[in-house]
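Observations on the model geometry
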Amino acid sequence: MQMNKTLKRELVTLEPVAVRVHRADGSEGGSREFSAAPISNYPNIALLKEAVRRQQGRLRRGTASTKTRAEIKGSTRKPWRQKGTGRARAGTKKSPIWRGGGVVFGPRPRSYDYGLPKQQRRLAVRHALLSKILDGETRVIESFDASNPSASSMQKVMTRMDLNGTCLVGLATDMAAGDRRNVALSLRNLPGIEVLPVSDFNTLALIKARNLVLTSEAFDEVQAREKAIEGSSS
């Protein structure tokens, strides 16, 4: 008699980390502590890879197309008679072995998206977000000046923060639409910077960016999510 074996994943408690804090002008302003909820199989590289592949597939237009012999425009006349010419028999100029003929098994317009369960997608985002915070690639800024769009002032702030490489700026989900728009307008012309609310974080954006900058409210939102996960798992 075979016994059913249930595999139990052990939850690992990660050590709290200190995240650097910057003032609104970009200068240093101390640090804040971040505590992650217990997590299993961290970091799940295979899951992160699948989530990135899925999103990259969704970004593909999938418009590559070739014509089959049925779609080639031209005469359907037999090039020459079947026998007596000494040449190989041929029935149509649209044959795939002829120059200008159809393509066999060529690319056709299609979707490159494939299914990934919602629970796995959310878990992949959490793993990617935790890797940014725990690896010291996250900064917290007290606030952005959202009164008026200004790329020059925002450039000065990002320069003072001394960020090297690409950057993902995370805003609070409940941030006012007008303020969010002004911040996005201020940052959209700066190279290598993407702006997203925390609710729209995705695995590809988090992994692609070298740095993660969270507003103080966005950091509180991420910390609250971890506390909610810890409360539900206990």
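Residues numbered from 1 in each chain as written. Predicted model: local features only at pLDDT ≥ 70, side-chain atom pairs only at ≥ 80, totals over all residues. Heavy atoms only, no water.

Time to look at the packing of aromatic side chains. Following the criterion strictly, the structure yields two aromatic pairs and no others. On the basis of an interplanar angle of 35° and a centroid distance of 5.8 Å, the ring pair of Trp 80 and Trp 98 is categorised as tilted. Of this pair, Trp 80 sits in the loop between helix 1 (45-59) and helix 2 (118-134) while Trp 98 sits in the loop between helix 1 and helix 2, and the two are 18 residues apart along the sequence. Residue Trp 98 is classed as partly exposed on the basis of its relative accessible area of 28%. (Phe/Tyr/Trp six-rings, centres within 6.5 Å; stacked < 30°, edge-to-face > 60°. Helix = DSSP H or I, 4+ residues; strand = E, 2+ residues; numbered from the N terminus. Buried < 20%, exposed > 50% of the residue type's maximum accessible area, 1.4 Å probe, protein only.)

Another point: unusual backbone geometry. The residue after Tyr 42, namely Pro 43, is reached through a cis peptide bond having omega -10°. Position of Pro 43 relative to the elements: it lies in the loop between strand 2 (28-34) and helix 1. Within the chain, Asn 41 stands out as a residue other than glycine whose phi angle is a positive 55°. Within the secondary structure, Asn 41 sits in the loop between strand 2 and helix 1. A positive phi angle, close to 55°, is found at Phe 105, a residue other than glycine. In this fold, Phe 105 is placed in the loop between helix 1 and helix 2. Residue class for Phe 105 comes out exposed when judged on its relative accessible area of 84%.

So, on to the sheet that holds strand 5 (residues 193-197). Neighbouring strands of a sheet are bound in pairs by backbone hydrogen bonds; such pairs are parallel or else antiparallel. With mixed pairing, six strands are arranged side by side in an open sheet as 2-1-3-6-4-5. Lying at the two open borders of the sheet, with one neighbouring strand each, are strand 2 and strand 5. Ignoring strand direction, the axes of neighbouring strands in this sheet form an average angle of 30°. In this structure, strand 4 (residues 167-171) lies alongside strand 5, joined through five bridges in parallel fashion. (Pairing = 2+ DSSP bridges. Axes fitted to C-alpha atoms, helices over the stretch in contact; angles between N-to-C directions.)

Quick look at the nonpolar core now. Within soluble globular proteins, side chains that are nonpolar tend to cluster in buried spots. Counting 30 residues, the largest nonpolar core has Phe 34, Leu 168, Phe 201 and Leu 206 as the members making the most contacts within it. Broken down by element, this core gets its largest block of residues, six residues, from helix 2. Setting aside residues up to four positions removed in sequence, Phe 34 forms contacts with Pro 16, Val 17, Val 19, Leu 130, Ile 133, Phe 219, Val 222, Gln 223 and Glu 226. (Core = buried A, V, L, I, M, F, W, Y, C linked by side-chain atoms within 4.5 Å. Contact = heavy atoms within 4.5 Å.)

A few words now on the pairing of strand 6 (residues 211-215). The element strand 6 is largely enclosed, with a buried count of five among its five residues. What you see with strand 6 is no split at all: Asn 211, Val 213 and Thr 215 on one side and Leu 212 and Leu 214 on the other are buried throughout. Direction of pairing for strand 4 relative to strand 6: parallel, over a ladder of four bridges. When the sheet's bridge partners are listed, Cys 167 is paired in strand 6 with Asn 211.

Another point: the pattern of salt bridges. The final tally for this structure, using the stated rule, is nine salt bridges. The salt bridge involving Arg 54 is made with Asp 113; its shortest N-O contact spans 3.9 Å. Here the residue Arg 54 occupies a position in helix 1, and Asp 113 occupies one in the loop between helix 1 and helix 2, the gap between them amounting to 59 residues. Judged by relative accessible area, which is 14%, Arg 54 ranks as buried. Between Glu 226 and Arg 126 there is a salt bridge, with the nearest N and O atoms lying 2.9 Å from each other. Pair noted here: Glu 226 is in helix 6 (residues 216-233) and Arg 126 is in helix 2, with a separation of 100 residues, a long-range link. Across this residue pair, the class does not change: Glu 226 and Arg 126 are buried. Shared partners join several salt bridges into a network, and the residues in it are Arg 54, Arg 58 and Asp 113. (Salt bridge = Lys/Arg side-chain N within 4 Å of Asp/Glu carboxyl O.)

Shape descriptors only; they carry no functional weight alone.
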